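One-letter residues, chain by chain:
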Amino acid sequence: MKNTMIGGALRRSARAAAVAACVAGSAMPAAAANESLALQPGSEYLMVANYPNNLNVVDVATASVYKTCTLPDAFGPGLTQISPDRRTAYILNNRFGTIYGIELDSCKVTFRAEMSLADNERAKSIASFTISADGKELYAVQNPTTINRDHYRVGEPRFVVYDSSAGLDARPVRTFPAPRQSTIMQAAPDGTLYLAGQNLYEVDVKTGEMKVKLPIRDWNRSTHAPLDVLYIWPVQTPQRDFTILYTTAEYQDDKQDMETAEFQYGYLNVNLLTGEAEAREFGPLTEIYFTGLRSPKDRNIIYGLLHRLTKYDIAEGKLLQAVELEHTYYTLLTNHDGSRLYLTGTFNDIAIYDADSLTKLGNVQLPGGDMSLGTGQVFVR
Amino acid sequence: MKIKKIAAAMSGVVAVGLALASSPAVAAASAEALLRAKCLACHTETDAGFSRIADQRKSPEGWLMSIARMQIVHGLKITDEERRAVVKHLADTQGLAPSETEGSRYALERRLNTMEAFESEQFTQMCARCHSGARVLLQRRPASEWEHLVHFHLGQYPTAEFQAFGRDRDWLGIALKEVVPDLAGKLPLESEAWKAWQARAPQAVDGEWSLSGHMTGRGGFSGVMKVSAGKAQDLHALSFEGRWDDGKPMAGKGQALIYTGYEWRADLVVDGTPMRQVFALEDGVLRGRMFLRDHDEVGADVVASLQRDGNARVLAVHPAYLKAGDEGELRIVGSKLEGEVGLPQGVSLLETVRRSASEVVLRVRAEAAARGVHPVTVGAASGGSLAVYERIGELKVLPAYAVARIGGNGTPTAKVEARFDAEAWDAGPDGQPGTSDDFRIGVVPARWSVEPFDEVAVRDEDVKFAGLMDEASGVFVPGGAGPNPLRRMSANNVGNLKVVAEVQQGGTPVRGEGQLIVAPQRWNNPPIP
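Throughout, a residue's number is its position along its own chain's written sequence, starting from 1. Starting at A for chains and at 1 for ligands, labels are handed out in the order in which the entities are written. Per-residue local features of the predicted model are confined to residues with pLDDT of at least 70, and side-chain atom pairs are confined, for both listing and counting, to 80 or more; whole-chain, interface and lining totals are unaffected and use all residues. Computation of side-chain values covers all heavy atoms of the structure but excludes hydrogens and water.

**Regarding unusual backbone geometry**
Quick note on the threshold: By the criteria applied, helices consist of DSSP H or I runs no shorter than four residues and strands consist of E runs no shorter than two, each listed in order from the N terminus.
The omega angle of the peptide bond from A:Tyr51 to A:Pro52 is 0°, so this bond is cis rather than trans. Here the bond from B:His318 into B:Pro319 is cis, since omega is -15°, no more than 30 degrees from zero. Here B:Pro319 shows up in the loop between strand 13 (313-318) and strand 14 (321-323). At A:Phe347, a residue that is not glycine, the phi angle is positive and equals roughly 55°.

Now the structure itself:
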């Protein structure tokens, strides 16, 4: 096996990971009093889930919690997708085992799909789901295991399509084989689905046909070490960029010596509006990020987030600015005009930063505990 | 909540249990009946035995973990007493030969600071990145069973193929096509060693055992452990009386159960503190680790030998070093210590303070000419040594790399301390440390402290937050668990510290250094790490 840069990245991030803290213990039940509060057309909201079973809707203009829905079943990972009509939040929860549709105006559960399709099956979706651009279909990749009487048998992953109006006992309307190790996906307005995993695939949701849009494992560059991708945050960006960060290392010469190679950060990007795809490095790897976000205002700017909030000039491959944070945050979101950055994930507060100056503007305190891996979304109703 | 329940259940089953005494009737025959009553709901009885179960051999702790998993994950209802009977039966009839545990006993002995190193990068990345490699090496299965284990792993831990060293490869394909055949070849169900071990006569254990040990952070000790038959097969009562090298007395009582004919597991209370012994028994010698039941990082290396004819051994000399030109008292510990004491040339006997078959206490003087490490014998008993040193040329901190873990502070997980020894070396006649004429003196008292390991540790004030080092003992107690609002980024009290030991040699300090990582809690702490 070829050396990857995982080891080096891991060593560098081990300390950082140790610093990441949890406050799930402080979880309190959500106040249910505002559950029937309807969202206001034209208003911009940020929704994000947190322990123990909350789906919060934050009013972006006032930077305050607008309402909190109580979610059924167990928490985790709390990854959300917003429907195209901005009325329904889809959330992967119940320990990666169930996708729910929550009508945001009423907090009612209107859709429910169990990833396990048989009594003796345990199926999980590892952050692998989204809603179609017309809102009519919901897609997921499920990793099933059959629980036999005295042994487990791992099954082939499946790409499944649900009718989003199927209600509370949704079953797949179409099922196709999927590659193992599939993760996040996003749907383009033209109906194409993009799925990340061993490679970044372009999926025909009618036939299940998958073509490599951007190679990840199959990107054999003599100049660089194989990519490492840990990216399970399916952020629906305002400018419709589907962005995934990767790390790699550039060799000094054809000896491909990892000891002297330069560690680098890069991104894979599909513009969902145009289908244009690109993969490139944007700066040296000096710290680990969980999420990155391209600026809606300036396509040459990309932000990174985990232990610091950073800003890079893509063309120059240069770190422009980095700010220290009060604690670790996982998931970076932005408002629609790109003027604000919202730092979410871990703990139970959202930090708001000015996207140009990276000055901190405030916090929104959420009822309940840790946002954990949960991915929120910013949307205009 | 679920995690808490699992943790509680696991801690309840960690004791490889000794309550058999309360129920002597529970023996092999009833263990088989229990297997039939408890396991047939899922496992099928075949000519070879029960499906899955018949195709595995492992340590007592390995069987305990399997049954505990059946309780936690698959709803098996079994009492603690019944489980003990089943574990005993399976470890006896489908265990490992002593040679099959060689090199992996550290995991059974709860030496959680062990830094594993395996030749196979694939084995390290596929297996030993989530749990110890020893957990694998302490099992024997045919290929079909190793294959079941791969499916279990991905079924139970679906993210295994998404983690680092999983997502960069066809994890399942490699596991099934490469790792399974490899493990089946190296760790097969059938082995000559196991056949031979099963045919061997039972070993005698009742009688008086002379015992020598060293507990890091506390010092050496020795004494006599009396072992007598207990109320059930393979169960033995034990009592221990001895003393620490500093003269303080030490006494304990308890019971030991022998699994697989040699796996000695004892629970005892030593001076009010519950302790556990994990020893291997072989030819009149017990060897292993004795540790606090509730703080298994606090433990001692122990060796013991049975007082019986033909088992003359010197286990250790306490202390095992003497400065050239000095007088001192030596305690030779062993079994059948009868006959003339053989001291190194240049070490003269001043007085025999007292002697018995298990201990010979002498006052001696070491001449300068005796510099070096020399064997010490008593009649036919050999195995001990004495180092006569001129000066401490080098000091090593042991372990050179250790992990302590934050805990407490209102959380359910206790702090895990780190403990260190200062090992002194004489630089030998050439006076140059690090050359071939150097020799080990032994563990010496030192002054202990911690320093930031690197610039990040300086910035984050790790020395201030990560915990406290006891200057005299080398015992490090980590900080409380949870985010600390006083720290940069509200970090936990984690840290990266340099551990410093210092001794004075004729007015000149000699310094040794090690590294200590103060890590977050170990959330999942099964009997075999």
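**A look at the pairing of strand 21 (residues 394-398) of chain B**
Residue and element names in this part refer to chain B. Stated precisely, the cut-off is as follows: Burial here depends on accessible area, computed with a 1.4 Å probe over protein chains only, as a share of the maximum for the residue type. Under 20% is buried, over 50% is exposed, and the range in between is partly exposed. Any two strands are treated as partners once DSSP identifies two or more bridges connecting them.
Side chains Leu395 and Val397 of strand 21 all project onto a buried face; the interleaved residues Glu394, Lys396 and Leu398 project onto a face where none is buried. As paired elements, strand 21 and strand 24 (residues 421-426) share five bridges and run antiparallel to each other. Paired with valine 397 across the two strands is alanine 422, which belongs to strand 24.

**So, the state of the cysteines**
Under the convention used in this document: We call a pair of cysteine sulfur atoms a disulfide whenever their separation is within 2.5 Å.
What the rule picks out here adds up to one disulfide over all chains. One disulfide bridge connects A:Cys69 with A:Cys107, the sulfur atoms lying 2.1 Å from each other. Note on the A:Cys69 and A:Cys107 pair: the S-S dihedral is about -70°, so by sign convention the disulfide is left-handed. With A:Cys69 in strand 3 (residues 64-70) and A:Cys107 in the loop between strand 6 (98-103) and strand 7 (108-114), the pair connects residues that are 38 residues apart, well separated along the chain. By relative accessible area, which is 8% here, A:Cys107 ends up buried. The thiol of B:Cys42 is not disulfide-bonded; the next cysteine sulfur, from B:Cys39, is found 8.8 Å away. Here B:Cys130 stays unpaired: no disulfide links it, and the sulfur of B:Cys127, its closest cysteine neighbor, is 9.4 Å away. On the basis of relative accessible area, B:Cys130 is assigned to the exposed category, the value being 54%.

**Looking at the packing of aromatic side chains**
Just so we agree on the cut-off: Two rings from Phe, Tyr or Trp (for Trp, the six-membered ring) form a pair when their centres are within 6.5 Å of each other. A pair whose planes differ by under 30 degrees is stacked, one over 60 is edge-to-face, and the rest are tilted. By definition here, charges over rings are those cases where NZ of Lys or CZ of Arg is within 6 Å of the ring centre and within 35 degrees of the ring normal.
In total, this model carries 24 aromatic pairs over all chains according to the counting rule given. Ring plane angle 45° and centroid distance 4.4 Å describe the contact between A:Tyr51 and A:Phe75, whose orientation is recorded as tilted. Taken together, the positions of A:Tyr51 in the loop between strand 1 (44-50) and strand 2 (54-59) and A:Phe75 in the loop between strand 3 and strand 4 (79-82) put the pair 24 residues apart, joining distant regions of the chain. For A:Tyr51, a relative accessible area of 28% translates into the label partly exposed. Taking the relative accessible area as the measure of exposure, A:Phe75 reaches 8% and is therefore buried. Taking the centre distance of 5.8 Å and the plane angle of 80° together, the rings of A:Tyr90 and A:Phe111 count as edge-to-face. In this pair, A:Tyr90 sits in strand 5 (residues 88-93) while A:Phe111 sits in strand 7, placing the two residues 21 residues apart along the sequence. Under the relative-accessibility criterion, A:Phe111 is labelled buried at 1%. Among the aromatic residues, those joined into a cluster by ring pairs are A:Tyr265, A:Tyr267, A:Phe282, A:Tyr289 and A:Tyr312. The ring of B:Phe152 carries the charged tip of B:Arg69 above its face, separated from the ring centre by 4.3 Å.

**Examining the packing of helix 9 (residues 143-156) of chain B against helix 10 (residues 171-186) of chain B**
Residue and element names in this part refer to chain B. Cut-off, in case you're wondering: Interaxial angles span 0 to 180 degrees and are taken between N-to-C directions of axes, which are lines fitted to C-alpha atoms, for helices over the stretch in contact. What makes a crossing left-handed is the near helix being turned counterclockwise from the far one by less than a right angle; a clockwise turn instead makes it right-handed. Note on definitions: a residue-residue contact is assigned when non-hydrogen atoms from the two residues lie within 4.5 Å.
Viewed as axis vectors pointing N to C, helix 9 and helix 10 meet at an angle of 145°, and their least axial separation amounts to 9 Å. Helix 9 and helix 10 meet at a crossing whose hand is right-handed. Of the residues in helix 10, those in contact with Ala143, Trp146, Glu147, Val150, His151, His153 and Leu154 of helix 9 are Trp171, Leu172, Ala175, Leu176, Val180, Leu183 and Ala184.

**Things to note about a negative patch on the surface**
All names here are of chain A. Let me state the cut-off plainly: Note that patches include only residues with greater than 30% relative accessible area and no salt bridge, and the join distances are 9 Å for like charges and 5 Å for nonpolar side chains (Val, Leu, Ile, Met, Phe, Trp, Tyr). A 1.4 Å probe and the Shrake-Rupley method give the accessible areas. Residues count as covered only by the protein chains that appear here. When a carboxyl oxygen of Asp or Glu lies within 4 Å of a side-chain nitrogen of Lys or Arg, that pair is called a salt bridge. When charges are tallied, Lys and Arg are placed among the positive residues and Asp and Glu among the negative ones, while His and the ends of the chain are skipped. In plain terms, the charge of a residue is placed at NZ if it is Lys, CZ if Arg, CG if Asp and CD if Glu.
Taken together, the side chains of Asp253, Asp254, Asp257 and Glu259 define an acidic patch exposed on the protein surface. Here glutamate 259 shows up in the loop between strand 18 (241-250) and strand 19 (262-271). Here glutamate 259 falls in the exposed class, since its relative accessible area comes to 73%.

**What to know about the packing of helix 3 (residues 60-74) of chain B against helix 4 (residues 80-93) of chain B**
Residue and element names in this part refer to chain B. Inclusion rule: In this scheme, roughly parallel covers angles under 35 degrees and roughly antiparallel covers those over 145, while 65 to 115 is roughly perpendicular and the rest are oblique. Gly falls in the polar group here, along with every residue not listed as nonpolar (Ala, Val, Leu, Ile, Met, Phe, Trp, Tyr, Cys, Pro) or charged (Asp, Glu, Lys, Arg).
Interhelical geometry of helix 3 versus helix 4 gives an angle of 135° and a closest axis separation of 9 Å. As the angle between them shows, helix 3 and helix 4 are arranged oblique. Between helix 3 and helix 4 the crossing geometry is right-handed. Contacts from Pro60, Trp63, Leu64, Ile67 and Gln71 of helix 3 reach helix 4 at Arg83, Val86, Val87, Leu90 and Ala91. Counted by class, the contact of helix 3 with helix 4 contains eight nonpolar, one polar and one charged residues.

**Section: the environment of B:Val403**
Residues and elements named next belong to chain B. Tracing the sequence through the fold places valine 403 in strand 22 (residues 401-405). The spatial distance from the C-alpha of valine 403 to the C-alpha of asparagine 496 is 9.5 Å, given a sequence separation of 93 residues. Setting aside chain neighbours within four positions, we find valine 403 in contact with Asn113, Glu417, Leu516, Ile517 and Ala519.

**Section: the sheet that holds strand 26 (residues 447-452) of chain B**
Residues and elements named next belong to chain B. One open sheet accounts for four strands, arranged 22-30-29-26; its pairing is mixed. Taken across any chain shown, the strands that pair with only one partner, and hence form the sheet edges, are strand 22 and strand 26. For this sheet, the mean angle separating the axes of adjacent strands, direction not counted, is 35°.

**Some thoughts on the side chain of A:Arg381**
Residue and element names in this part refer to chain A. This is how it is decided: What qualifies as a polar contact is a pair of N or O atoms within 3.5 Å, subject to a donor-acceptor requirement within protein and to the restriction that residues adjacent in sequence count only when both atoms come from side chains.
Assignment of secondary structure puts arginine 381 in the segment after strand 29 (377-380). Separated by 2.8 Å, the side chains of arginine 381 and aspartate 105 make a polar contact. Residue contacts for arginine 381: discarding those within four places in its chain leaves Leu39, Gln40, Pro41, Gly42, Ser43, Tyr45, Asp85, Arg86, Arg87 and Asp105.

**A word on helix 4 of chain B**
The following threshold applies: The length a helix should cover is 1.5 Å for every residue beyond the first.
Taking 1.5 Å per residue as the helical rise, helix 4 of chain B with its 14 residues ought to reach 20 Å, and the 20 Å between its terminal C-alpha atoms agrees with that figure. Along helix 4 of chain B, the positions that sit buried rather than exposed are B:Arg83, B:Arg84, B:Ala85, B:Val86, B:Val87, B:Lys88, B:His89, B:Leu90 and B:Ala91.

**Side note on the confidence of the model for chain B**
The condition is simple: Confidence scores here are pLDDT values: one per residue, from the predictor, ranging 0 to 100.
Averaged over all residues, the pLDDT of chain B equals 94, while 95% of them reach at least 70. Below a pLDDT of 50 lies the segment residues 1-25 of chain B, which in the model reaches 42 contacts outside its immediate sequence neighbourhood of four places, other chains included.

**Looking at the interface of chain B and chain A**
Heads up, the rule is: Summed over both partners, the accessible surface that disappears when two parts come together, traced with a 1.4 Å probe, is what is meant by buried area.
With 44 residues of chain B in contact, the opposing surface of chain A contributes 40 residues. Between chain B and chain A lies a buried interface of about 3,400 Å² when both sides are counted; carbon and sulfur atoms form 55% of it. For chain B, the biggest contributors to the area lost against chain A are B:Phe162, B:Arg167 and B:Met489; these three give 22% of the whole. The tally of links from chain B across to chain A stands at four salt bridges. In this structure, the salt-bridge partner of A:Asp228 is B:Arg167, at a minimum N-O distance of 2.6 Å. Counting the contacts that link chain B with chain A gives 22 residue pairs in polar contact (both at pLDDT 80 or more). Elements represented by at least two residues in the side of chain B that touches chain A include exactly helix 3, helix 7 (121-126), helix 9 and helix 10 of chain B. The dominant element in the side of chain B that touches chain A, judged by the number of residues it contributes, is helix 9 of chain B, at seven residues. Class assignment of the residues belonging to the side of chain B that touches chain A gives a composition of 18 nonpolar, 14 polar and 12 charged.

**Description of the environment of A:Arg381**
With a relative accessible area of 14%, A:Arg381 lands in the buried category. When the C-alpha atoms of A:Arg381 and A:Ser64 are compared, they prove to be 16 Å apart, with 317 residues separating the residues in sequence.

**Some details on the sheet that holds strand 19 of chain A**
All names here are of chain A. Here we have three strands laid out as an open sheet, ordered 18-19-20, and antiparallel in their pairing. Each end of this open sheet is capped by a strand with a single partner; those strands are strand 18 and strand 20 (277-284). Neighbouring strand axes in the sheet, compared pairwise and without regard to direction, differ in orientation by 25° on average. Bridge count between strand 18 and strand 19: 10 bridges; the pairing is antiparallel. Looking at the pairing, aspartate 241 lines up with asparagine 271 of strand 19.

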